[in-house]
Amino acid sequence: MKKKKIIFLVNIIAINFLIVVIFSFIFYKLYLYYNYNSSQSRTIVKTEFEDEEYSNKILEYVNIERQEAGLYPLQKDYLLTLAARLKMEDMIKYDYFSHTNPTNNKKWSEFIKESGYVYKKIGENLAIGYNDPKKAVEGWMESPTHRANILSDGFIHSGIAHQNVIYYNKETVILVHFFGG
């Protein structure tokens, strides 16, 4: 009799343990689902195709800053533009906003190398949250490292890509500007 009671208690404990594990797993999955779909999700989602007007305005405002500093204007370069587009697509695909992809450690300069652009010097400016191109350039001009890229006399070419996205449930623009010379 005593043996049957022990076996019965062990079975009850094992069943209770399994129930706790199953419910923990379900609640964990619900937690992940809720946080992924919550109002504070940082997931980058495209909302519409880019238009060239925004990118052209960025280049126009950058060149105004350069001309005021006595520098030649940057010229739009197809290969740098392609590289900027690939970098922007990578940030959207892997859901990050940084100079380096945290998933595979791919650096921004690798996109330029892969495009075939031949250079002595390259630079990158990123921006997010600027729906107005003039404000994006003003923001860069307030940052010493971004300003240095804009006002470098070693750069002669420009490649710009942008995309309208949803970021933290807010419609905004993600922007990549590559510089080359």
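For the structure, see preceding data.
Reading the values: the criteria
- Residues numbered from 1 in each chain as written.
- Predicted model: local features only at pLDDT ≥ 70, side-chain atom pairs only at ≥ 80, totals over all residues.
- Heavy atoms only, no water.
- Salt bridge = Lys/Arg side-chain N within 4 Å of Asp/Glu carboxyl O.
- Helix = DSSP H or I, 4+ residues; strand = E, 2+ residues; numbered from the N terminus.
- Buried < 20%, exposed > 50% of the residue type's maximum accessible area, 1.4 Å probe, protein only.
- Phe/Tyr/Trp six-rings, centres within 6.5 Å; stacked < 30°, edge-to-face > 60°.
- Axes fitted to C-alpha atoms, helices over the stretch in contact; angles between N-to-C directions.
- Parallel < 35°, antiparallel > 145°, perpendicular 65-115°, else oblique.
- Left-handed = near helix turned anticlockwise from the far one by under 90°.
- Contact = heavy atoms within 4.5 Å.
- Nonpolar A, V, L, I, M, F, W, Y, C, P; charged D, E, K, R; others polar.
- Pairing = 2+ DSSP bridges.
- Lys, Arg positive; Asp, Glu negative; His and termini not counted.

1. Topic: the pattern of salt bridges
Enumeration over the complete set of coordinates arrives at four salt bridges. In this structure, Lys76 engages Glu52 in a salt bridge whose closest nitrogen and oxygen atoms are separated by 3.0 Å. Remark: Glu52 occurs in helix H2 (residues 52–68) and Lys76 occurs in strand E2 (residues 75–76); sequence separation between them is 24 residues. Note on Glu52: relative accessible area 52%, which makes it exposed. The residue Lys57 makes a salt bridge to Glu60 at a minimum N-O spacing of 3.6 Å. Here the residue Lys57 and the residue Glu60 both occupy positions in helix H2, the gap between them amounting to three residues, near one helical turn.

2. Structural notes on the packing of aromatic side chains
Here the structure, examined in full by the defined rule, presents three aromatic pairs. Summarising the aromatic geometry, the rings of Trp108 and Phe178 are spaced 6.0 Å apart at their centres and angled 35° between planes, so their arrangement reads as tilted. With Trp108 in helix H4 (residues 108–115) and Phe178 in strand E5 (residues 170–180), this residue pair connects regions lying 70 residues apart in the sequence. Accessibility assignment for this pair places Trp108 and Phe178 in one class, buried.

3. Here's the deal with the packing of helix H3 (residues 78–94) against H4
In a packed pair of helices, the relevant descriptors are the angle between the two axes and the axis-to-axis distance. Between H3 and H4, the least distance of the axes is 8 Å, while the angle of their chain directions is 135°. One finds that H3 runs oblique with respect to H4. H3 and H4 meet at a crossing whose hand is right-handed. Where H3 abuts H4, its residues Leu79, Leu80, Leu82, Ala83, Leu86, Lys87 and Asp90 lie against Trp108, Phe111, Ile112 and Ser115. Classifying every residue of the contact of H3 with H4 gives eight nonpolar, one polar and two charged.

4. A look at the pairing of strand E3 (residues 122–128)
Counted residue by residue, E3 has seven buried out of seven residues, so it is predominantly covered. In the sheet, E3 pairs with E5 via seven bridges, with the strands oriented antiparallel. Residue pairing across strands places Gly123 opposite Phe179, the latter belonging to E5.

5. Some details on the packing of H2 against helix H5 (residues 133–141)
Taken N-terminus to C-terminus, the directions of H2 and H5 make an angle of 40°; their axes are 8 Å apart at the nearest point. The angle between H2 and H5 places the two elements in the oblique class. Two packed elements cross with a definite hand, and for H2 against H5 that hand is right-handed. Note on element contacts: H5 touches H2 through Pro133, Lys134, Ala136, Val137, Trp140 and Met141, opposite Tyr54, Lys57, Ile58, Tyr61, Val62 and Glu65. Classifying every residue of the contact of H2 with H5 by side-chain character gives nine nonpolar, no polar and three charged.

6. With respect to the side chain of Lys87
Mapped onto the elements, Lys87 comes out in helix H3. At 4.2 Å, Glu124 is the nearest oppositely charged side chain to Lys87, a buried residue that forms no salt bridge. Setting aside residues no more than four positions away along its own chain, Lys87 makes contact with Tyr96, Ser98, His99, Thr100, Trp108, Phe111, Glu124, Leu126, Val176 and Phe178.

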